[in-house]
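Secondary and tertiary structure notes
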Amino acid sequence: MSNKAWGGRFQQQPEEWVDAFNASIDFDQTLLDEDIQGSIAHATMLAHQNIISEEEKNAIVKGLKDIQADFYNHNIEFKHALEDIHLNIEHELIQRIGDPGGKLHTGRSRNDQVATDLHLYVKKQVIEIQALIRSFQESILTLAKSHVETIMPGYTHLQRAQPISFAHHIMTYFWMLERDYTRFADSLKRIDISPLGAAALSGTTHPIDRHKTQELLGFEYIYENSLDAVSDRDYIIETLHNISLTMTHLSRFAEEIIFWSTDEAKFITLSDAFSTGSSIMPQKKNPDMAELIRGKVGRTTGHLMSMLVTLKGLPLAYNKDLQEDKEGLFDSVRTIKGSLRIFEGMLNTLTVNTNRLNETVHQDFSNATELADYLVDKNVPFRTAHEIVGKIVFECIQQGIYLLDVPFEHYQELNDKIEEDVYDYLKPENCLNRRKSYGSTGQDAVRHQLNVAENILKQ
Ligand code: ARG
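Residues numbered from 1 in each chain as written. Predicted model: local features only at pLDDT ≥ 70, side-chain atom pairs only at ≥ 80, totals over all residues. Heavy atoms only, no water.

As annotated in an unreviewed UniProt entry, the protein chain carries the name Argininosuccinate lyase and comes from Staphylococcus hominis. Check the Catalytic activity (unreviewed entry) section of the UniProt entry for the protein chain; it says "2-(N(omega)-L-arginino)succinate = fumarate + L-arginine". UniProt, in its Pathway (unreviewed entry) section for the protein chain, records the words "Amino-acid biosynthesis; L-arginine biosynthesis; L-arginine from L-ornithine and carbamoyl phosphate: step 3/3." (UniProt positions renumbered as here; feature names shortened; annotations may be inferred.)

Along the polypeptide, E55 turns up in helix 4 (residues 54-72). Separated by 101 residues in the primary sequence, E55 and T156 place their C-alpha atoms 71 Å from one another. (Helix = DSSP H or I, 4+ residues; strand = E, 2+ residues; numbered from the N terminus.)

This next bit is on the site of the ligand. By nearness alone, every residue bordering the ligand is listed as S24, D84, H86, R110, N111, V114, Y318, Q323 and K326. One of the side-chain nitrogen or oxygen atoms of S24 is found 3.2 Å away from a nitrogen atom of the ligand. Within the side chain of Q323, one N or O atom sits 2.7 Å away from a nitrogen atom of the ligand. Burial of the ligand by the protein amounts to 87% of the accessible area it has alone, namely 340 Å². (Near = heavy atom within 4 Å. Polar contact = N/O pair within 3.5 Å; in protein donor to acceptor, adjacent residues only side chain to side chain. Areas by Shrake-Rupley, 256 points an atom, 1.4 Å probe, with all protein chains shown as cover.)

Right, let's talk about the environment of R134 for a bit. Structurally, R134 is set in helix 7 (residues 110-145). Of the residues examined, R134 reaches a relative accessible area of 18% and is grouped as buried. Taking the C-alpha atoms as reference, R134 lies 7.6 Å from Y181; in sequence the two are 47 residues apart. Dropping the residues within four chain positions of it, R134 is found in contact with E178, Y181, I456 and L457. A distance of 2.5 Å separates the side chain of R134 from the side chain of Q137, its partner in a polar contact. (Buried < 20%, exposed > 50% of the residue type's maximum accessible area, 1.4 Å probe, protein only. Contact = heavy atoms within 4.5 Å.)

What follows covers the packing of helix 11 (residues 234-260) against helix 12 (residues 288-311). The contact between helix 11 and helix 12 brings their axes to 8 Å, and the two run at 160°. The pairing of helix 11 with helix 12 is recorded here as roughly antiparallel in orientation. Note that helix 11 runs across helix 12; the crossing there is left-handed. For the contact of helix 11 with helix 12, the residue count by class is 16 nonpolar, 7 polar and 5 charged. (Axes fitted to C-alpha atoms, helices over the stretch in contact; angles between N-to-C directions. Parallel < 35°, antiparallel > 145°, perpendicular 65-115°, else oblique. Left-handed = near helix turned anticlockwise from the far one by under 90°. Nonpolar A, V, L, I, M, F, W, Y, C, P; charged D, E, K, R; others polar.)

Moving on: the packing of aromatic side chains. For the coordinates displayed, the defined rule picks out 15 aromatic pairs. Here F71 and Y72 contribute two aromatic rings whose centre-to-centre distance is 5.0 Å and whose plane-to-plane angle is 80°, an arrangement assigned as edge-to-face. Taking the relative accessible area as the measure of exposure, F71 reaches 18% and is therefore buried. Among the residues examined, Y72 registers a relative accessible area of 46% and is labelled partly exposed. Seen in terms of ring centroids, F136 and F253 are 6.3 Å apart; in terms of plane orientation they differ by 35°. Their pairing is tilted. Linking F136 in helix 7 with F253 in helix 11, this pair joins segments that are 117 residues apart in sequence. By relative accessible area, which is 1% here, F253 ends up buried. Pairwise contacts between aromatic rings join F136, Y173, F253 and F343 into one cluster. Its guanidinium or amino end placed over the ring of Y181, R134 lies 3.6 Å from that ring's centre, counting from NZ or CZ. Lying over the aromatic face of Y425, R434 brings its terminal NZ or CZ to 3.4 Å of the ring centre. (Phe/Tyr/Trp six-rings, centres within 6.5 Å; stacked < 30°, edge-to-face > 60°. Lys NZ or Arg CZ within 6 Å of the ring centre and 35° of its normal.)

Shown next as structure tokens:
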């Protein structure tokens, strides 16, 4: 006699090591709450449709809730031989309540059951990820608000380019995260769909009401096609993508944090509470949290690739390959939630070395474009101005000085259109002040940007 829920047509049992390979219970117990929620909705609908009695439904619901409580009290032992969370729970239920437990699976299959669990899980997780993104955006905005006037070198090619506001720089990440937030929000349209009642692949002959379970589970939409309902994993791929892209954004920001905290830059100082030391070099304070976030994008991107390949060429409808959809998803969800929390903590506790930042822009040529623009204002064609300033920069490099150190007589020799006011013009804060174009780094434009951001968060 087989120990399997599907044992009837079998003469032989798989050995334990075969069961272990087949089983998903070691990881799909993550879906216990969703599985019970889905089963309660299904049983409620079965009773509503007079497929099972009210008493049977009550016994099922009570049994499932007891199992849930016992799980959290560590009083349930799952078995590989029972494969997955669905069969383990069903087996436990039948052990506890007998025949009514055996009626729960009427008009349903594990194929629509697992799909239901996953839809519920992904929906819940996406909403939680969105909340963490919002919270991180708040922290970025708060830090930006106190650094509108903090000037730092803006880079291209990791070479000093033009002075910018620190607030402007970090707000770039606010906007990346805003796109991530709305991308997750949009994806809910394709996540918030009920597959329950699609059964194995073709629907069922029992008089079930799919709209009833849809309503009970709070799904906004319902699958129109039973085969699609059980074989769709697009929403998992989409979520893995959205997670990967957000992680990619975090990794870019992490890289900047790492660079800014080097002895070479000293733009910021990380809190000790978000740093680690070296077991050999006593002086070391390492940005491990930022490095881990930068590194973890490897696994989230890997999980996305893995799922894309798993789905490729997969025929309809359910195939066991689909069991491979879980571990990567769970890991990606854990990874992004952890990364968002850690990054926010790191950002909230770091010190921006304002003096050092302001000092750096006095020791570079990031105001060279300004000098060219100054000449353009005096009617010199931009190309000529570019050439003149290039020569001045070259001379300065040879003498080890910067544009603000060039004596006035020398400026006059180089071009008589350069007047005394050039020194004021070239001051980094004035370089910013003059930038009035929409979305630019000028103080007024940045203040406007912060207002727009604040309004988004208020909505
Ligand atoms: N553990 C399975 C999975 O995660 C549940 C569905 C099994 N369905 C089946 N027909 N074997 O995909």
